[in-house]
Amino acid sequence: MSEYIDNRGSSGSNRAQRQKVLKEIILQLHDGKDPAEVKNEFAKLIEGVSASEISEMESGLVAEGMAIEEIQKLCDVHAEIFRGSVTQIHTTTREEEKAGHPVRVLREENFAIESLLKNTLMPKVEALSEPVSEEQRYGLLEEVNLLLDIDKHYSRKENIFFPYMEKYGITAPPKVMWGVDDEIRALIKGFKALLGSSDATAGALREAAEAMNAKILDMIFKEDSILIPMLLETLTEDEWLEIAEDSEEIGYCIVSPEAKWKPSRMIPFGAPGEAAAAAGAGAGSNDGLVRLETGILSVDELTRLLNTLPIDMTFIDKDDTVKYFSQSAERIFPRTKSVIGRSVQNCHPPSSVHVVETILEAFKTGRKDHEHFWIQMGDAMIYIRYFAVRGAAGEYLGTLEVTQNIAPLKAIEGQKRLLSEDFKE
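Residues numbered from 1 in each chain as written. Predicted model: local features only at pLDDT ≥ 70, side-chain atom pairs only at ≥ 80, totals over all residues. Heavy atoms only, no water.

A. Geometry of the overall build of the protein. Scanning the protein for helices and strands turns up 15 helices and seven strands. Scored against the burial criterion, the 425 residues of the protein give a buried share of 43%. Contacts in the protein between residues far apart in sequence, at least 24 positions, make up 66% of those at least 6 positions apart. Summing over all exposed atoms, the protein offers an accessible surface of approximately 22800 Å²; the carbon and sulfur share of this is 55%. (Helix = DSSP H or I, 4+ residues; strand = E, 2+ residues; numbered from the N terminus. Buried < 20%, exposed > 50% of the residue type's maximum accessible area, 1.4 Å probe, protein only. Contact = heavy atoms within 4.5 Å. Areas by Shrake-Rupley, 256 points an atom, 1.4 Å probe, with all protein chains shown as cover.)

B. Just the nonpolar core, in detail. Counting 51 residues, the largest nonpolar core has Leu121, Leu147, Phe191, Ile216 and Trp240 as its most contacted members. Contributing elements (two or more residues each) for this core: helix 6 (102–126), helix 7 (134–147), helix 8 (150–167), helix 9 (172–195), helix 10 (202–234) and helix 11 (237–250). It is helix 10 that contributes the most residues to this core, 13 residues altogether. Those residues within four positions of Trp240 in sequence are excluded, and the remaining contacts are His101, Pro102, Val103, Phe161, Leu231, Leu232, Leu235 and Trp261. Residues Ile316, Val356, Ile359 and Ile384 belong to the second largest nonpolar core, which totals 16 residues. (Core = buried A, V, L, I, M, F, W, Y, C linked by side-chain atoms within 4.5 Å.)

C. Fine view of the pattern of salt bridges. On inspection of all chains with the given rule, the structure shows 26 salt bridges. One salt bridge connects Asp149 with Lys152, and the closest N-O pair in it is separated by 3.3 Å. When the shortest N-O distance is used, the salt bridge between Lys323 and Asp317 registers 4.0 Å. With a relative accessible area of 47%, Lys323 lands in the partly exposed category. What makes Asp317 buried here is its relative accessible area of 13%. (Salt bridge = Lys/Arg side-chain N within 4 Å of Asp/Glu carboxyl O.)

D. Here's a closer look at helix 14 (residues 353–365). If you check helix 14, its first and last C-alpha atoms are 18 Å apart, about what 13 residues at 1.5 Å a residue would give, namely 18 Å. Residues Val353, Val356, Ile359, Leu360, Ala362 and Phe363 constitute the buried set of helix 14. Where helix 14 is buried, its residues touch strand 3 (312–317), strand 5 (370–377), strand 6 (380–390) and strand 7 (396–405). Of the residues one or two after helix 14, Gly366 is the one with positive phi, at around 85°. (Expected span 1.5 Å × (residues − 1).)

E. The side chain of Ser326, seen in detail. Structurally, the position occupied by Ser326 is in the loop between strand 4 (322–325) and helix 14. Residue classification places Ser326 among the buried positions, given a relative accessible area of 0%. Setting aside residues no more than four positions away along its own chain, Ser326 makes contact with Leu306, Asn307, Ile311, Asp312, Met313 and Arg331.

F. How the structure looks around unusual backbone geometry. Going from Glu130 to Pro131, the amide bond is cis rather than trans, its omega being -10°. Tracing the sequence through the fold places Pro131 in the loop between helix 6 and helix 7. For Ile254, which is not a glycine, the phi torsion comes out positive at approximately 65°. Counting through the fold element by element, Ile254 comes out in the loop between helix 11 and helix 12 (274–281). We note that Asp320 has phi near 70°; this positive angle belongs to a residue other than glycine. Mapping Asp320 onto the fold places it in the loop between strand 3 and strand 4.

G. Region of the structure containing the packing of helix 8 against helix 9. Closest axis-to-axis distance for the helix 8/helix 9 pair is 11 Å, and the angle between their directions is 170°. Relative to helix 9, the element helix 8 lies roughly antiparallel. Here helix 8 contributes Ile150, Asp151, Tyr154, Ser155, Lys157, Glu158, Phe162 and Met165 to the contact with helix 9, which in turn contributes Pro174, Met177, Trp178, Asp181, Ile184, Arg185 and Ile188. Across the contact of helix 8 with helix 9, the residue classes break down as nine nonpolar, one polar and five charged. (Axes fitted to C-alpha atoms, helices over the stretch in contact; angles between N-to-C directions. Parallel < 35°, antiparallel > 145°, perpendicular 65-115°, else oblique. Nonpolar A, V, L, I, M, F, W, Y, C, P; charged D, E, K, R; others polar.)

H. Examining the packing of helix 6 against helix 10 more closely. With their axes 11 Å apart at the nearest point, helix 6 and helix 10 run at an angle of 165° to one another. As judged from the angle between their axes, helix 6 and helix 10 are roughly antiparallel. Once helix 6 is placed against helix 10, the crossing between them reads as left-handed. (Left-handed = near helix turned anticlockwise from the far one by under 90°.)

I. Quick peek at the side chain of Ser225. Within the fold, Ser225 resides in helix 10. The class for Ser225 is buried, based on a relative accessible area of 1%. Separated by 2.7 Å, the side chain of Ser225 and the backbone oxygen of Phe221 make a polar contact. (Polar contact = N/O pair within 3.5 Å; in protein donor to acceptor, adjacent residues only side chain to side chain.)

J. Examining the pairing of strand 3 more closely. Among the six residues in strand 3, five count as buried, and that is most of the element. Relative to strand 7, strand 3 runs antiparallel, the two sharing six bridges. In the sheet register, Ile316 faces strand 7, and the bridge partner there is Thr399. Here strand 3 hands over to strand 4 after four residues, with Asp320 in that stretch at a positive phi of 70°. (Pairing = 2+ DSSP bridges.)

Here it is in structure tokens:
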């Protein structure tokens, strides 16, 4: 099949043909062809493949009807085929190498994660003996608890990077990568649970650790050779600054930025939100007041009132677009400003999108007006409620999500009629 590919040129026809072959790789794997055979057959044909072409390939498969979950199953296989063949898009500049730049932060975290696995956690796993001693278990638990910090790394990627990719029409790779992130989270939690079992053998622990280690290292490869080049090809410096600002909302994994990133350009970019605030100052109101049916508030009063409520609120409109979220002092789930304008379906991992769709369909048709869930998160009991927001005529305007830690409420007993001690002089 090598006669079908000409990697020496970059014309549209050659690119289209290469795209066709790339799709064929995944489809053959999908049909059950032996991965080793596919890898040998196509290894030379995919030399020079760029990150953007992989994105186009996955988007094309989705457009043709292949489920995200199917692409996710093949993700590790085709990543291994592409390993060493993906063109490194060296758009590295001094800016992205500066302390605090989101790319440098991402790479520093990946270095710390890889170091933890290769130099500490996995050597301890290899040293396990039968029977596994309590000392060995506790030593590994310490490392696994540190590794669980990887959730911040993935949460930033899913809640900050992915929305920008979606704005540029890059939709399939984020969905596939999010699914694999969730697999990694499950593997880490599963390994930790196994460590807590007194009858777990060294062999079982070793097998679970190796699966977890391989998946994480493979994701590091994907981020470095596919995700980061794709972002560098696409995002503007202003968008990188917004990402850097939003990243502080979620936090960092194992290591933190050495400094706040400041680009070299002469005119510094204003703080996120300044432009919007300036634009809004003269739009829609001459006096900065919001006139409601039951009162009048300034924009500042309304904002702070909503943020003072001991709940998290998120509103999506009738077109499933995120329009607003509150910023309470103890936010339970991460939200960043980059989520505004994003499709709510893209704000959830692929495994739970069907639940979101079911709720929205019931609200839009008028079959239901609310739904609720509750989950245990450590000592917190998280109560999540969804309400259909309707107009005066009953028409569907959107959905309000309300999240609250109700553990303190569940603990209430008896009565309290007196002021708290700290109110007394």
